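Observations on chain architecture
The primary structure of each chain is shown beneath.
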Amino acid sequence: MTTAVDWQARAHGLVEKLTEAGVLDDPAWRDAVESVPRHVFVPTFYVQQPGGDWSATSAGSDGWLDAVYDDRPLVTALAENAAGGRVTMSSSSQPALMLRMLAALDVRLGHRVLEIGTGTGYNAGLLAHRLGDGQVFSVDIGAALVEAARERLAGLGYAPTLAAVHGAFGLPDQAPFDRIIATCSVPVVPWAWAEQLRDGGLVLVDVKRSAHTGNLALLRRYPDRLEGRFLPKWATFMAIRDTDAAPPTLTGVTMQPEVGWRSSTQLDPQPWTAVVPWFLASSRLPQRLVFGYRGRTETGSEWATFRGGDGSWCMVRMLPDERGRREVCEGGPIGIWTQFERAHDQWDMLGRPGWDRLGLTVRQDGSHRVWLDEPDGACSWLVTGGRDAAR
């Protein structure tokens, strides 16, 4: 049986690791990490094995406590989808990422904070320890997740307001808030969040139209818009869910190499190695895009594949030929790789800007405009439109 001394020593070790990494320099957050036991919120975690199966590690198992107080994300809940596969439903985010987000949000005493995505409840516990129960609100569409988080928090003496509701709606009955932090990704920032923020308040959210196509954006509330910059370092969260169930699988998209149009590319077949141009291409790509692999060779998979919800598809050969080029085959309404190539070329011409040079403006009509360097600068992209709108 693990004693209090065991976890407290490990929590202190985690604090030291986060401090050395430069993501924890606020004494109040140091105190929160040392005082809120992460293991209470992660009684079991899951690791996917090379064959695709998941193994579970639970309280008392060898390595469980060390893993919980390591600086890494842990999958904490799985569900079976319609295809019979097990998919991730919830996780405990990497502590360094959460502390980096809390620092970026500039959370202070007296602030009312809304968290979108309760998950295990650990982040709500950190917030409640720092701000007090009455200042912390957290929502999740997973009713069982919310109830488990409530019990864990109560067992530690915390009682923030938790609710099992769709995160896109926020929590209007408890508004206004000074800060909103989303621990799930969204294809567009809900305007309901803007309506629930005080003027000058901040929202930090992972904006992704589909897998890997975006990043964390820190946006300030102005009378007519949300506006701010992307964080310099890329991060990702699971997508927001519309129902308290496993996300639906993409069906009905058949890749037909024999009828697709062919080309070649020098780009990496895994485009998130160039996440900025992949994001800039997102307005021209199917909103729902699923990545996978197809075929086997002696060295690994033969093809990287992309399937879009509109019937578009793309295959990119993993290994290059002697000229350093890879075969591409695509079909359907949108040339997925063609659009990525065009965005990559423009990114090249602009000097390959990083996330630190990109910002986002969100307006009540739902438009999301990404801009380079300044909101009224010479270059911007309408990423919620059906085509590129660079000025």
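Quick caveat, the model's predicted, so the values are computed rather than measured.

Check the secondary structure of the chain and you find 10 helices and 19 strands. Taken over the C-alpha trace, the chain has a radius of gyration of 22 Å; the compact-globule value for 391 residues is 21 Å, and the two agree within 12%. By principal-axis analysis of the C-alpha atoms, the chain measures approximately 60 × 50 × 40 Å. The burial tally for the chain puts 50% of its 391 residues in the buried class. Contacts in the chain between residues far apart in sequence, at least 24 positions, make up 57% of those at least 6 positions apart. Where the 39 positive side-chain charges of the chain centre and where its 46 negative ones centre are 4 Å apart.

It is worth spelling out unusual backbone geometry at this point. For residues besides glycine, phi is generally negative; the peptide bonds are generally trans as well. Omega for the bond connecting Ala175 with Pro176 falls within 30 degrees of zero, at 5°, which places this linkage in the cis form. Along the chain, Pro176 turns up in the loop between strand S7 (161-163) and strand S8 (177-186). Despite not being glycine, Asp106 has its phi angle at roughly 55°, a positive value. Residue placement: Asp106 occurs in the loop between helix H5 (95-105) and strand S5 (113-116). Positive phi is not limited to glycine here, since Arg352 has a value of about 55°. Note on placement: Arg352 falls in the loop between helix H10 (336-349) and strand S17 (358-363).

Residue-level pLDDT values for the chain average 91, and 96% of them are 70 or greater. Segment residues 385-391 is flagged for pLDDT under 50; beyond a separation of four residues in sequence, or across chains, it makes 22 contacts in the model.

It is worth spelling out the sheet that holds strand S10 (residues 214-222) at this point. Ordered in space as S7-S6-S5-S8-S9-S10-S11-S17-S18-S19, the 10 strands form an open sheet in which the pairing is mixed. Of all strands in the sheet, those with a lone pairing partner are S7 and strand S19 (380-382), marking the two edges. Strand-to-strand twist across the sheet, computed as the mean angle between neighbouring axes with direction ignored, equals 20°. As defined by bridge partners, S5 adjoins strand S6 (residues 136-139) across 4 bridges and the pair is classed as parallel. Looking at the pairing, Val113 lines up with Val136 of S6.

With antiparallel pairing, the 5 strands of this open sheet are ordered in space as S12-S16-S15-S14-S13. Strand pairing shows two members of the sheet lacking a second neighbour, strand S12 (261-265) and strand S13 (289-297), which therefore form its edges. Pairs of neighbouring strands in the sheet enclose a mean axial angle of 20°, with direction left out of account. Where strand S15 (residues 313-317) meets strand S16 (residues 326-331), 4 bridges bridge the pair, whose relative direction is antiparallel. Across the sheet, Val316 pairs through a bridge with Val328, a residue of S16.

This brings us to the nonpolar core. Core analysis: the largest hydrophobic core is formed by 53 residues, its most contacted members being Trp193, Leu226, Phe306 and Val370. In contact with Trp193, not counting residues within four places along its chain, are Ile116, Gly167, Ala168, Gly170, Ile180, Ala182, Val186, Val203 and Val205. Counting residues in each nonpolar core, the second largest holds 49 residues, with Leu99, Leu162, Leu218 and Leu231 among its members.

Look at helix H2 (residues 27-35) against helix H6 (residues 122-131): their axes get within 9 Å of each other, and the N-to-C directions meet at 130°. As the angle between them shows, H2 and H6 are arranged oblique. Once H2 is placed against H6, the crossing between them reads as right-handed. Together, Ala28, Trp29, Asp31, Ala32, Val33 and Ser35 of H2 and Tyr122, Leu126, Leu127, His129 and Arg130 of H6 make up the contact between the two elements. Of the residues belonging to the contact of H2 with H6, the class tally is 7 nonpolar, 2 polar and 2 charged.

Definitions and cut-offs
- Residues numbered from 1 in each chain as written.
- Predicted model: local features only at pLDDT ≥ 70, side-chain atom pairs only at ≥ 80, totals over all residues.
- Heavy atoms only, no water.
- Helix = DSSP H or I, 4+ residues; strand = E, 2+ residues; numbered from the N terminus.
- Rg over C-alpha atoms; globule rule 2.2 N^0.38 Å.
- Buried < 20%, exposed > 50% of the residue type's maximum accessible area, 1.4 Å probe, protein only.
- Contact = heavy atoms within 4.5 Å.
- Lys, Arg positive; Asp, Glu negative; His and termini not counted.
- Charge placed at Lys NZ, Arg CZ, Asp CG, Glu CD.
- pLDDT = per-residue confidence, 0-100.
- Pairing = 2+ DSSP bridges.
- Axes fitted to C-alpha atoms, helices over the stretch in contact; angles between N-to-C directions.
- Core = buried A, V, L, I, M, F, W, Y, C linked by side-chain atoms within 4.5 Å.
- Parallel < 35°, antiparallel > 145°, perpendicular 65-115°, else oblique.
- Left-handed = near helix turned anticlockwise from the far one by under 90°.
- Nonpolar A, V, L, I, M, F, W, Y, C, P; charged D, E, K, R; others polar.

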